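Examining the three-dimensional arrangement
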Amino acid sequence: IMFDLNVPIASSFLGLSNAKKSNKGKQPAVGNALQYTGPQIAVIEARVELLIHCNLGYTAIAFNQTVNKKVDPKTHVNILDILLKQLKSRKEILYMKRLTIILDEDSEKGFGLINAQTSLFNSYDLISLVPTNQATLALACLTHSLPSPLTAHIISLPLTLPRLPFNLKHTLVRTAIKNGAVFEINYVGALGGDNDTTMTDANAAGNGANAKRNWWGAARELTRVTKGKGLILSSGAVADLDFRAPDDVKNLITLLGVSQDIAHCSVTKSPKSLVLRAQTRKTYRAVFSEPQLVVPDQQMEDAPGTTPPAPMPTEETGSSRKRPRDEPLVAPETDGSKRKKKKRGKGNAEGGQR
C-alpha cells in the first residue's frame, strides 16, 4: 500500500467567503449553501485519478485542511466531510481526512485542541501540527504527542523557510518519536513547486528557487537528527505537475543520506502504522487490543450452573508424594583423625592446668 497523507484542499476552494456578513462569527449552515461546484469536483476527481493511475499507484490518500493559529468551533467547518460526500467512491482506495493547525506565538495561549472540542476533532482521521517557533515545537513534541483523544500524530516542519525558526534538539525529537509521532517531509519543496496558500499566507512555507535551496538544507538537518526514524513522505502539492511516483520519492530522499530500506518504509510501513495509531484517538487511553475477561476460581465455584474445577492432588497420591529429604552424608572418621582429636584434647587440658 502506497500512502500520500498530504493532498491539500484549500478552504477558499469551497467558497466559504460567500457567507453573509450578518452571520459573521457564527458557524455556517452545512447544506446546499456549502457545496462544491461541478468544475471544482471535476478538478479534484482528475487529481485523484492522477494519484491512483498514471504510473503513480497510490492506494491511500489523505485530504488535508489547513487552519491558521486556532480552531474556533463557532466558525470552523469540516470541508472534507462535504467533499467526500460528493466524490465518486472507488474500490480498494482509502480516503482519509486530515486537519493541519499552524502554530505561532498566539497559539501558545491555546489553539482549540482541548477536551471540550473532542467531538469536533473526532470527525478527522489525522491531526497534524506545524510549529513555527521553539515554544510551539516543544508543545507539539512533548504535550500533544502523548496518547489522548486529541493526539497529533504528525509534526510537519516548515522546511522551505529561509532558516528553521527553532533548534531541533535531540531530546524533543526522540520524545516525540517515542510517543508515536512522526515527522513529515513534503517533497514539493524539493521540486520548487507551490505550497498551500494557507501555509504561505501564515509564513509557514515559501515558494520559488530560494525555497528549494532552503528545503534541501532543512531536510538534511531533520534526517540527521532523527537518524531516519519516524519519517514519512508526502506530496503537499497543489499543482498536478508536482506529484511524483513512490519510487521517485524514495530515490529523492536517499539524496538526504537515508538508506533504501528507510526510504521504502517512509512511504509504506511508517504511514500504515501511523494510520493505525491514529485510530486509538477514539479508544479508551489509546488501547488498541481487545480486552479479555478473567474470572477468579472462587467466583466460578459460587456461580450457578458452573462445574467446579478438578480437585488438586493430595499427598497420598503417588504423583504428588513428597520426596524424602536427603540427609547429608558424613564421612566416616579414620584412626588418624581420632588421634589428632585426642592430641588436641590433651594439649588443651595441659594448657588449662598451667
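Preceding this section is the structure that the text describes.
Residues numbered from 1 in each chain as written. Predicted model: local features only at pLDDT ≥ 70, side-chain atom pairs only at ≥ 80, totals over all residues. Heavy atoms only, no water.

Side note on the pattern of salt bridges
As enumerated under the stated definition, the model contains nine salt bridges in all. The shortest N-O distance in the salt bridge between Asp240 and Arg47 comes to 3.2 Å. Residue Asp240 is located in the loop between β7 (231-234) and α9 (246-254), and its partner Arg47 is located in helix α1 (residues 38-52); the two are separated by 193 residues in the primary sequence. Take Asp240: its relative accessible area is 35%, and that puts it in the partly exposed class. Residue Arg47 is classed as buried on the basis of its relative accessible area, which comes to 14%. Two residues, Glu49 and Arg90, come together in a salt bridge whose shortest N-O distance is 2.9 Å. With a gap of 41 residues between them, Glu49 in helix α1 and Arg90 in the loop between α2 (79-86) and β3 (94-103) connect regions that are remote in the sequence. Judged by its relative accessible area of 28%, Glu49 is partly exposed. (Salt bridge = Lys/Arg side-chain N within 4 Å of Asp/Glu carboxyl O. Helix = DSSP H or I, 4+ residues; strand = E, 2+ residues; numbered from the N terminus. Buried < 20%, exposed > 50% of the residue type's maximum accessible area, 1.4 Å probe, protein only.)

Examining the packing of aromatic side chains
Considering all chains together, one arrives at two aromatic pairs under this definition. Look at Phe63 and Tyr95: their rings are 5.7 Å apart centre to centre, the planes differ by 50°, and that puts the pair in the tilted class. Linking Phe63 in strand β2 (residues 60-68) with Tyr95 in strand β3, this pair joins segments that are 32 residues apart in sequence. Geometrically, the ring pair formed by Trp215 and Trp216 is edge-to-face, given 5.0 Å between the ring centres and 85° between the ring planes. Overall, Trp215 belongs to the buried group, its relative accessible area being 2%. (Phe/Tyr/Trp six-rings, centres within 6.5 Å; stacked < 30°, edge-to-face > 60°.)

As for unusual backbone geometry
Positive phi, close to 70°, is recorded for Lys69, a residue that is not glycine. Within the element layout of this structure, Lys69 appears in the loop between β2 and α2. Relative accessible area serves as the criterion here: at 33%, Lys69 is assigned to the partly exposed category. Residues other than glycine seldom take positive phi values, yet Glu92 does so here, at roughly 60°.

Examining the packing of helix α5 (residues 170-178) against helix α8 (residues 209-226)
Helix-helix packing: each pair is described by the crossing angle between the helix axes and the interaxial distance. Direction vectors running N to C along α5 and α8 enclose 70°, while the axes themselves pass 10 Å from each other. On the basis of the axis angle, α5 is roughly perpendicular to α8. Every residue of α8 that contacts α5 at His170, Val173 and Ile177 is listed here: Arg224, Val225 and Thr226. (Axes fitted to C-alpha atoms, helices over the stretch in contact; angles between N-to-C directions. Parallel < 35°, antiparallel > 145°, perpendicular 65-115°, else oblique. Contact = heavy atoms within 4.5 Å.)

Re helix α4 (residues 134-143)
Regarding α4, the residues found buried are Thr136, Leu137, Ala140 and Cys141. All buried residues of α4 project into a common sector of 125° when viewed along the axis, lining one side. (Arc of directions from axis to C-beta.)

Digging into empty space enclosed by the protein
For the structure shown, the criterion picks out three cavities of 30 Å³ or more. Quantified by volume, the largest cavity comes out at close to 220 Å³. Contributing to the lining of the largest cavity are 21 residues, with Asn6, Ser156, Asn186, Asn195 and Met199 lying nearest its centre. Residue assignment for the lining of the largest cavity shows that the elements contributing at least two residues are β1 (3-8), β2, β3 and β6 (182-186). Here the residues of the lining of the largest cavity are counted per class, giving nine nonpolar, nine polar and three charged. Here the second largest cavity is characterised by a volume of approximately 40 Å³. If you list the elements that add at least two residues to the lining of the second largest cavity, you get β1, β7 and α9. Each residue belonging to the lining of the second largest cavity can be placed in one class, and the counts come to seven nonpolar, two polar and one charged. (1 Å grid on protein atoms, 1.4 Å probe; cavity = no way out; pocket = protein on both sides within 12 Å on 5 of 7 lines; lining within 4 Å. Points joined across faces, edges and corners; volume = space filled by probe spheres on them. Nonpolar A, V, L, I, M, F, W, Y, C, P; charged D, E, K, R; others polar.)

So, the side chain of Thr100
Mapped onto the elements of the fold, Thr100 is located in strand β3. Here Thr100 falls in the buried class, since its relative accessible area comes to 2%. Only 2.7 Å separates the side chain of Thr100 from the side chain of Asn64, close enough to count as a polar contact. A distance of 3.2 Å separates a polar atom in the side chain of Thr100 from a polar atom in the side chain of Arg98. Other than its neighbours up to four places away in sequence, Thr100 contacts Asn64, Gln65, Thr66, Val67, Ser128 and Val130. (Polar contact = N/O pair within 3.5 Å; in protein donor to acceptor, adjacent residues only side chain to side chain.)

Details of the environment of Pro73
Its place among the elements puts Pro73 in the loop between β2 and α2. Of the residues examined, Pro73 reaches a relative accessible area of 36% and is grouped as partly exposed. C-alpha separation for the pair Pro73 and Leu120, spaced 47 residues apart in sequence, amounts to 7.6 Å.

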